[in-house]
Each structure stands twice: as C-alpha cells, then as structure tokens.
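# Close look at the chain arrangement
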Amino acid sequence: MITVVATGVFDIIHPGHILYLTEAKALGDELIVVVACDNTAETRKRKPIIPEDQRMEIVSQLKLVDKAVLGDESDFFKPISKIKPDVIALGADQKVDEEQLREMLKAHGLNTKIVRVSAHWDAPLNASKKIHEKISEL
C-alpha cells in the first residue's frame, strides 16, 4: 500500500484544494491529510478564520481523504514521522523548498518521495488568500 501525505491549512475549502487532493490521492492508495494547527498556520501565513477542530472535521469528511490528522504545534515532522509516508504531495503553489524538505526527511530516517502536483485551478477565487481579500471588500 502506498501512503500519500498532503498538507495545508484548508481554512476555506475551495476548488483548488479539491484539485490538489485529487492529484495527491492519485499518487497512491491511501491519502492522509495533515491539517495545520491554528498556531502553525498563523506563524506561516495568517490566522485561520475556521478553528482547527472544524477544519479537521471538514477535511476528514471529504471523500478523497482516508484520514485527517492535526499537525503538531512544535514539530512539523511529528505526524510525518508517525505516518511514514511513501509520498508527500506538494501543492502547485505551496512555498516549500523541495531539496530542504528532502534533507529533513532523510534526517528523520524517511525515504519519502516528494511530488509537486502540477495542476492549478484557474479562476478568480482560486486561493484562500484571494477569498479572504474578497470577503474583506464586502
């Protein structure tokens, strides 16, 4: 069984998220999604509108997702180390240095393949940031 991990905040679910998760699911047999906890999301991007427990519930109910787990506040690799995925799927617009991630995975004893999905939803509101901005205009 090939286990794939996808990660993200998933604050306001939009078609871009579904496209990312669809491509991630196609890379293996089981898709586990690590949902960023509130504090991690806030330090990396912005404070989520939807609290982590609700984001977890929404993501876990998506048909594409076999399991959703909450990210760890202090150690990004804690859930990854427990899951031991065969593949980590990165979104087309996720700002992750793949080489640095590869080195970190090896340092944790993981021989995980990194795949950046190529599809990107082409629409005016194709990112949570754009949706946040649109809502702020109202």
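Here is a short report on the structure shown in this document.

Each value, and the rule that gives it
- Residues numbered from 1 in each chain as written.
- Predicted model: local features only at pLDDT ≥ 70, side-chain atom pairs only at ≥ 80, totals over all residues.
- Heavy atoms only, no water.
- Pairing = 2+ DSSP bridges.
- Helix = DSSP H or I, 4+ residues; strand = E, 2+ residues; numbered from the N terminus.
- Axes fitted to C-alpha atoms, helices over the stretch in contact; angles between N-to-C directions.
- Buried < 20%, exposed > 50% of the residue type's maximum accessible area, 1.4 Å probe, protein only.
- Right-handed = clockwise from strand over helix to strand, strands pointing away.
- Polar contact = N/O pair within 3.5 Å; in protein donor to acceptor, adjacent residues only side chain to side chain.
- Contact = heavy atoms within 4.5 Å.
- Core = buried A, V, L, I, M, F, W, Y, C linked by side-chain atoms within 4.5 Å.
- Salt bridge = Lys/Arg side-chain N within 4 Å of Asp/Glu carboxyl O.

## What about the sheet that holds strand β5 (residues 113-116)?
Spatially, β3-β2-β1-β4-β5 is the arrangement adopted by the five strands of the open sheet, whose pairing is parallel. With partners counted over all chains shown, the strands left at the sheet margins are β3 (67-70) and β5, one partner each. Taking each pair of neighbouring strands and ignoring which way they run, the sheet shows an average axis angle of 25 degrees. Bridge count between strand β2 (residues 30-35) and β3: four bridges; the pairing is parallel.

## Topic: the pairing of strand β4 (residues 87-90)
Judged by which residues are buried, β4 turns out to be covered on both faces: Val87 and Ala89 on one side and Ile88 and Leu90 on the other are all buried. Strand direction decides the pairing type here: strand β1 (residues 3-8) and β4, joined by three bridges, are parallel. Residue pairing across strands places valine 4 opposite valine 87, the latter belonging to β4. When β4 meets β5, the two strands line up parallel, connected through four bridges. Note on β5: the bridge partner recorded for valine 87 is lysine 113. Once the chain exits β4 it traverses helix α5 (residues 98-107) before rejoining the sheet at β5, and the crossover so formed is right-handed.

## Some thoughts on the side chain of threonine 3
Counting through the fold element by element, threonine 3 comes out in strand β1. Here glutamate 30 takes part through its side chain, which lies 3.1 Å from a polar atom of the side chain of threonine 3. Apart from residues no more than four positions distant in its own chain, threonine 3 is found in contact with Glu30, Ile32, Ile83, Pro85, Asp86 and Val87.

## Considering unusual backbone geometry
Phi angles above zero are rare outside glycine, and phenylalanine 10 is one such case at about 55 degrees. Inspection of the secondary structure puts phenylalanine 10 in the loop between β1 and α1 (15-25). At lysine 84, a residue that is not glycine, the phi angle is positive and equals roughly 55 degrees.

## Overview of the nonpolar core
Core analysis: the largest hydrophobic core is formed by 18 residues, its most contacted members being Leu21, Leu31, Val33 and Val65. Mapped by element, the contributors of at least two residues to this core are β1, α1, β2, α3 (52-60) and β4. Of all hydrophobic cores here, the second largest spans 13 residues; its members include Val5, Val34, Val69 and Ile83.

## With respect to the pattern of salt bridges
What the rule picks out here adds up to five salt bridges. As a salt-bridge pair, lysine 25 and aspartate 66 come within 2.6 Å of each other at their nearest N and O atoms. Linking lysine 25 in helix α1 with aspartate 66 in the loop between α3 and β3, this pair joins segments that are 41 residues apart in sequence. Residue classification places lysine 25 among the partly exposed positions, given a relative accessible area of 23%. Owing to a relative accessible area of 42%, aspartate 66 belongs among the partly exposed residues under this scheme.

## A few points about the environment of valine 59
Summarising the element assignment, valine 59 is placed in helix α3. What valine 59 contacts, discounting residues up to four positions off in sequence, is Phe10, Ile13, Val33, Val35, Val65 and Ala68.

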